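The primary structure of each chain is shown beneath.
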Amino acid sequence: MSTLRLRGDLPERVDLLNITPLALSGLSEAEAGRLAIGTSRRGLTLGDAFEIKLDGSDSLVIEGGSSRLDRVGAALSQGSIRVEGDVGQRLGEGMAAGTLTVTGSAGPYAATGATGGTITVEGDAGDHAGGAVYAAKAGLDGATLIIKGAAGDSLGDRMRKGMILAGSAGAHAGSRMIAGTIVVSGALGDHPGYGMRRGTLIAGGHGALLPTFVETGTPDLVFVRLLAQSLKRLGAAQADLLGGTLRRYSGDLATLGKGELFVPA
Amino acid sequence: MAAWVKGGAADVDAAVEAAVDLLAASRVPVLAGLSAEVSALRAAYRLAETLGASLDPVSGPSLYAELGALSVGGAMTTTRAETVGRADVVLILGNRPWDGDLIPEIAAATPSRGRAAGAERSLLSLGGPQNGATRHVAYAAEAGGLAVSLGHLRAFAKGHLAGEAAYADLARRLFAAQYGVVVYDPEEVGERGVEMLQGLIRDLNESTRFFALALADPFQGRAAVQLSAWTTGQAPRVGFGRYQPEHDPWRFDSARQIASGEADAALWLASLPAPRPDWLGRLPTVAIVGEGSPEAAGETAEIVITVGVPGQSVGGALWNERRGVIAYTEPKAATDAQTAAGVLARIRDRLIEKGVSC
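Residues numbered from 1 in each chain as written. Chains lettered and ligands numbered in written order. Predicted model: local features only at pLDDT ≥ 70, side-chain atom pairs only at ≥ 80, totals over all residues. Heavy atoms only, no water.

Enquirer: Before we move on, could you go through the domain arrangement of chain B and cite the residues and values that matter?
Expert: Residue and element names in this part refer to chain B. Under the domain assignment, chain B is made up of domain 1 (3-59 + 219-353) and domain 2 (65-214). Summarising the inter-unit geometry, the C-alpha centres of domain 1 and domain 2 are found 35 Å apart. Each partner contributes to the interface: domain 1 provides 5 residues, whereas domain 2 provides 5 residues. Around 470 Å² of area is buried between domain 1 and domain 2 when both sides are counted, 45% of it from carbon and sulfur atoms. Together, Arg222, Glu321 and Arg322 form the three largest contributors to the area buried by domain 1 at its contact with domain 2, with a combined 77%. Inspection of the region where domain 1 meets domain 2 yields 2 salt bridges. Residues aspartate 101 and arginine 322 are paired through a salt bridge, measuring 4.0 Å at the closest nitrogen-oxygen approach. For the pair domain 1 and domain 2, the interface holds 2 residue pairs in polar contact (both at pLDDT 80 or more). When its residues are assigned to classes, the side of domain 1 that touches domain 2 shows 3 nonpolar, no polar and 2 charged. (Domains from an automatic or database assignment. Contact = heavy atoms within 4.5 Å. Buried area = accessible area lost by both parts, 1.4 Å probe. Salt bridge = Lys/Arg side-chain N within 4 Å of Asp/Glu carboxyl O. Polar contact = N/O pair within 3.5 Å; in protein donor to acceptor, adjacent residues only side chain to side chain. Nonpolar A, V, L, I, M, F, W, Y, C, P; charged D, E, K, R; others polar.)

What follows is the structure in structure tokens.
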């Protein structure tokens, strides 16, 4: 297990796009220390910000977090990264496989464009978790994102594939969803599913509903039971939500209208 | 021409030197405001490239409401002149379009060219102030705001909702247009709402002609978008910290950068009026402001340099909303005031002389 121990407060945002177990496996500690991670003209390196211990393994632990740690685990393709603390924006952006865990909270755009693997945020996630960044066609794109605390606004905005689990979510959850599944054990904020085309939102409650979502009864769906089983395998609290009767709303009728929102009846 | 350093009157040379020292010492400088003529915007982008700074126009929220939707789904747009000349149905969204002279101008004319020439012009409003001075058919907005209302309207337009609701009637009127235009302010409608509106316009274009006329922000944001595009290939919120222009609307949102303590120095460029940010007196800042403006005073910022106001005391290329282009504007009363571009170029030259350049 390789470790990066944060030396102290970061003087600027840093970009950890290229800091993965695979990238570090072929480097000596001195070579790794020279990797540029800063985003200003001061040329901040990995060694400036972290004490580095490498053993060539496929697991990396970042001890100490900061809301200025951007793109942690972005493009991760194998192995695991664990951050003991907070991270900044775009956690696991474009990640393809592996395991990414943050014990603190994440900034905005967590798991944006992630196509595979599992990303776990044990604290809260900022706005647009699993959502698309500027000009991107899709947000979460196949990976699994687990947020144990609260997610901010626009959870899963323009999400295309994969699954998001969260404790609660802000306004506009599942907005402009292309497809995929979001399960929130607590409540969603106002206007969930704005502009969603397809996809499934399941939540313990919700704020103001859009006038373009219509109730379609309390169907007993095999899909929900299968989903509950897969959630149990993930050890998720959200599985309990699926045990009872669920009321289904269909929308967003402003667009394709093939999305659905389930809440306990 | 006036300048102040730490509240005391100074000559411009001394203020430029102080500005160079302030910016050269900073780790994460921000160039904000950018309410200025095109030559000053160009000088600001060059300075940012030299300094490794990021840029953020004061019109950012308005610009990104439009650009966010445009970057994903495109847009069908028209101009003010085409609207006045061709539109037989004009839908006015929200309150802000009613503030200027556009709506009275549209209301005073009828279509004179194109397929609707000679037809009556019908004005419709959604979520507007119900202005009694201009004859129009008013529809109230949903409680959730304009974006929700647009989604509701689009559901009727698509035929996914039916009935005798007010929005069903509005949708019928839109489809009856021969050349329809929706007038709106992007910031008021919001990015999600603009995207929904463009979807509605695409739906209407299945059977008729319909376009969007987005109002420009009043702070030269449209000019900044064009200049940033031809200079960096990106939208305006770019940073040069890593030499290449990086575009990131969240990271380079100057209000966020300053509130979070990331930015340690700023340059506020407002040769034209712009809303004064609350951080101006707190963060070490170089303020380049129009002469005679309320900000042209020593207490505005650590360093204040006044410059000619484009269109007033100096000439300059400015966004012309009526024509939808950048156009040169003659000064009303030309003076020998220094230009913002000149001051920014002097700061950049001194930074390069001091070896700060990349």
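Enquirer: Describe empty space enclosed by the protein, with residues and values.
Expert: Within this structure, the stated rule accounts for 1 cavity of 30 Å³ or more. Among the residues making up the lining of the largest cavity, the classes are represented as 4 nonpolar, 6 polar and 6 charged. (1 Å grid on protein atoms, 1.4 Å probe; cavity = no way out; pocket = protein on both sides within 12 Å on 5 of 7 lines; lining within 4 Å. Points joined across faces, edges and corners; volume = space filled by probe spheres on them.)

Enquirer: Before we move on, could you go through helix α9 (residues 221-232) of chain B and cite the residues and values that matter?
Expert: Residue and element names in this part refer to chain B. Helix length check: α9 (12 residues) gives 16 Å between terminal C-alpha atoms against 16 Å at 1.5 Å per residue, within 8%. Along α9, the positions that sit buried rather than exposed are Gly221, Ala223, Ala224, Val225, Leu227, Ser228 and Thr232. Buried positions along α9 lie against α2 (38-51), α3 (60-73), β10 (238-239), β15 (316-320) and β16 (325-329). Positioned one or two residues after α9, glycine 233 has a phi angle of 80 degrees, which is positive. (Helix = DSSP H or I, 4+ residues; strand = E, 2+ residues; numbered from the N terminus. Expected span 1.5 Å × (residues − 1). Buried < 20%, exposed > 50% of the residue type's maximum accessible area, 1.4 Å probe, protein only.)

Enquirer: Can you tell me about the layout of surface pockets, naming the residues and giving the values?
Expert: All names here are of chain B. In this model, the second largest pocket occupies a volume close to 550 Å³. Together, 25 residues line the second largest pocket, and Glu66, Thr77, Ala214, Arg222 and Trp319 are the ones closest to its centre. Of all the elements in the fold, those that place two or more residues in the lining of the second largest pocket are α3, β9 (209-214) and α9. When residues are assigned to domains, the lining of the second largest pocket turns out to be shared by domain 1 (3-59 + 219-353) and domain 2 (65-214), each giving three or more.

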